[in-house]
Amino acid sequence: DAGVIQSPRHEVTEMGQEVTLRCKPISGHNSLFWYRQTMMRGLELLIYFNNNVPIDDSGMPEDRFSAKMPNASFSTLKIQPSEPRDSAVYFCASRGNSGGSYEQYFGPGTRLTVT
Amino acid sequence: AQSVTQLGSHVSVSEGALVLLRCNYSSSVPPYLFWYVQYPNQGLQLLLKYTTGATLVKGINGFEAEFKKSETSFHLTKPSAHMSDAAEYFCAVSDRRNNDMRFGAGTRLTVKP
């Protein structure tokens, strides 16, 4: 099992540019979560999906952020336009909902720097 | 809604000493409780979890935690700290009814030689 895969691992972009972060969950998991981690705010849940459907996006900071999950094996988080305050580490996590397993499995993260 | 409070953002211990990281939770329903560890430049890795059954749960790397309902606590312990334990530790609580998992602010553990 390859675990949760995120790409890119590092992204440096200029303010105003569009940024797309990608995530491949663990095969068979049907819940997917996007988090943002900063020193100031810690770990924040942005959005999560169940069976590819967005369930709770109340953590998405503003309309510049959007997330999609077109199928069970792929999700994207897009920021357009990006701003310096979006600089953070973005994590994707997945979870299976069967067999009494309730923990989330995290990817390695994407470190985003917006200059 | 559930929440987690981790007491102490930084904990420093000497190598070989007891590690105690504190976590208190708030939940209106019986919770699921988790401890995760994050090493520098890595994602969060599950250390251990409590769902049902035995209240003392053992995890990887010699860590264990005890669910105490009366104290609404789930403190993480390790009898003897190792240099490799230096990392950030997150306590989390999940509602049994949905996917919502709430993380604490984290505790950074430093191990002195």
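See the structure printed just above.
Please read these numbers as outputs of a predicted model, since none were measured by experiment.

## Quick notes on the packing of aromatic side chains
Step number 1: Applying the stated criterion to the full structure yields 12 aromatic pairs over all chains.
Step number 2: Seen in terms of ring centroids, B:Tyr25 and B:Phe67 are 6.0 Å apart; in terms of plane orientation they differ by 35°. Their pairing is tilted. Of this pair, B:Tyr25 sits in strand β3 (residues 19-26) while B:Phe67 sits in strand β7 (residues 64-68); the two residues are 42 residues apart in sequence, bridging distant segments of the chain.
Step number 3: Here the aromatic residues A:Phe33, A:Tyr35, A:Tyr48, A:Phe91, A:Phe106, B:Phe34, B:Tyr36 and B:Phe103 are joined through ring pairs into a cluster of three or more.

## As for the nonpolar core
Step number 1: Of all hydrophobic cores here, the largest spans 27 residues; its most connected members are B:Trp35, B:Leu47, B:Leu48, B:Phe74, B:Leu76 and B:Tyr89.
Step number 2: Listed by contribution, the elements that provide at least two residues to this core are β2 (10-14), β3, β4 (31-38), β5 (44-50), β7, β8 (73-78), β9 (87-95) and β11 (107-112) of chain B.

## What to know about the sheet that holds strand β7 (residues 65-71) of chain A
All names here are of chain A.
Step number 1: Pairing is antiparallel across the open sheet formed by 4 strands, whose spatial order is β1-β3-β8-β7. The strands lining the two open edges of the sheet, one partner per strand, are β1 (5-7) and β7. Sheet twist, expressed as the mean angle between neighbouring strand axes with direction ignored, is 15°.
Step number 2: Relative to strand β8 (residues 74-79), strand β3 (residues 19-24) runs antiparallel, the two being bridged by 5 bridges. Bridge assignment links Leu21 to a residue of β8, and that residue is Leu77.

## A word on the layout of surface pockets
Step number 1: For the largest pocket, the calculated volume is near 660 Å³.
Step number 2: In this structure, the largest pocket is lined by 31 residues; those nearest its centre are A:Gln37, A:Met39, B:Gln38, B:Glu88 and B:Arg108.
Step number 3: Breaking the lining of the largest pocket down by element, the ones donating at least two residues are β4 (31-38), β9 (88-95) and β11 (110-114) of chain A together with β9 and β11 of chain B.
Step number 4: Looking at the lining of the largest pocket, the element that brings in the most residues is β11(A), giving 4 residues.
Step number 5: Across the lining of the largest pocket, the residue classes break down as 12 nonpolar, 15 polar and 4 charged.

## Remarks on the pattern of salt bridges
Residues and elements named next belong to chain A.
Step number 1: Counted by the stated rule, this structure contains 12 salt bridges over all chains.
Step number 2: In this structure, the salt-bridge partner of Glu62 is Arg64, at a minimum N-O distance of 2.8 Å.
Step number 3: Arg64 sits in the buried class, given a relative accessible area of 10%.
Step number 4: When salt bridges with common partners are traced through the structure, they connect Glu62, Arg64, Glu83, Arg85 and Asp86 into a single cluster.

## A closer look at the interface of chain A and chain B
Step number 1: Each partner contributes to the interface: chain A provides 21 residues, whereas chain B provides 18 residues.
Step number 2: Regarding the contact of chain A and chain B, the summed buried area is about 1500 Å², with carbon and sulfur atoms giving 50% of it.
Step number 3: Together, A:Tyr102, A:Glu103 and A:Phe106 form the three largest contributors to the area buried by chain A at its contact with chain B, with a combined 34%.
Step number 4: Seen at the junction of chain A and chain B, the total is 1 salt bridge.
Step number 5: Between A:Glu103 and B:Lys49 there is a salt bridge; the shortest N-O distance is 2.8 Å.

How each quantity is defined
- Per chain, residue numbering runs from 1 following the sequence as it is written.
- Labels follow written order: the first chain is A, the first ligand is 1, and so on.
- This being a predicted model, a pLDDT of at least 70 is required before a residue's local features are given, and a value of 80 or more before pairs of side-chain atoms are given or counted; all residues contribute to the totals for chains, interfaces and linings.
- Calculated side-chain values reflect all of the structure's heavy atoms, with hydrogen atoms and water omitted.
- Working definition: a ring pair exists when centres of Phe, Tyr or Trp rings (six-membered ring for Trp) sit within 6.5 Å. Plane angles under 30 degrees give stacked, over 60 give edge-to-face, the rest tilted.
- Helix and strand definitions here come from DSSP, where helices need a minimum of 4 consecutive H or I residues and strands a minimum of 2 consecutive E residues; each element is numbered from the N-terminal end.
- Residues belong to one nonpolar core when they are buried, are Ala, Val, Leu, Ile, Met, Phe, Trp, Tyr or Cys, and are joined through side-chain atoms within 4.5 Å.
- Buried means the residue's accessible area, taken with a 1.4 Å probe over protein chains only, is under 20% of the maximum for its type, while exposed means over 50%, and partly exposed covers the values in between.
- By the convention used here, strands pair only if DSSP detects at least 2 bridges between them.
- Note on definitions: angles span 0 to 180 degrees between N-to-C directions of axes, and those axes are lines fitted to C-alpha atoms, for helices only across the stretch in contact.
- Lining residues are those with an atom within 4 Å of a point, where the points come from a 1 Å grid over the protein atoms alone and group into cavities, where a 1.4 Å probe fits but cannot get out, or pockets, open sets with protein on both sides within 12 Å along at least five of seven lines.
- Grid points are joined across faces, edges and corners, and a volume is the space filled by probe spheres set on the points.
- Side-chain classes follow a simple rule in which Ala, Val, Leu, Ile, Met, Phe, Trp, Tyr, Cys and Pro form the nonpolar group, Asp, Glu, Lys and Arg form the charged group, and the remainder, Gly included, forms the polar group.
- A side-chain nitrogen of Lys or Arg and a carboxyl oxygen of Asp or Glu constitute a salt bridge if their distance falls within 4 Å.
- Residue contacts are counted whenever heavy atoms from the two residues lie within 4.5 Å of one another.
- In this description, buried area is defined as the sum, over both parts, of the accessible area (probe of 1.4 Å) that is lost when the two are combined.

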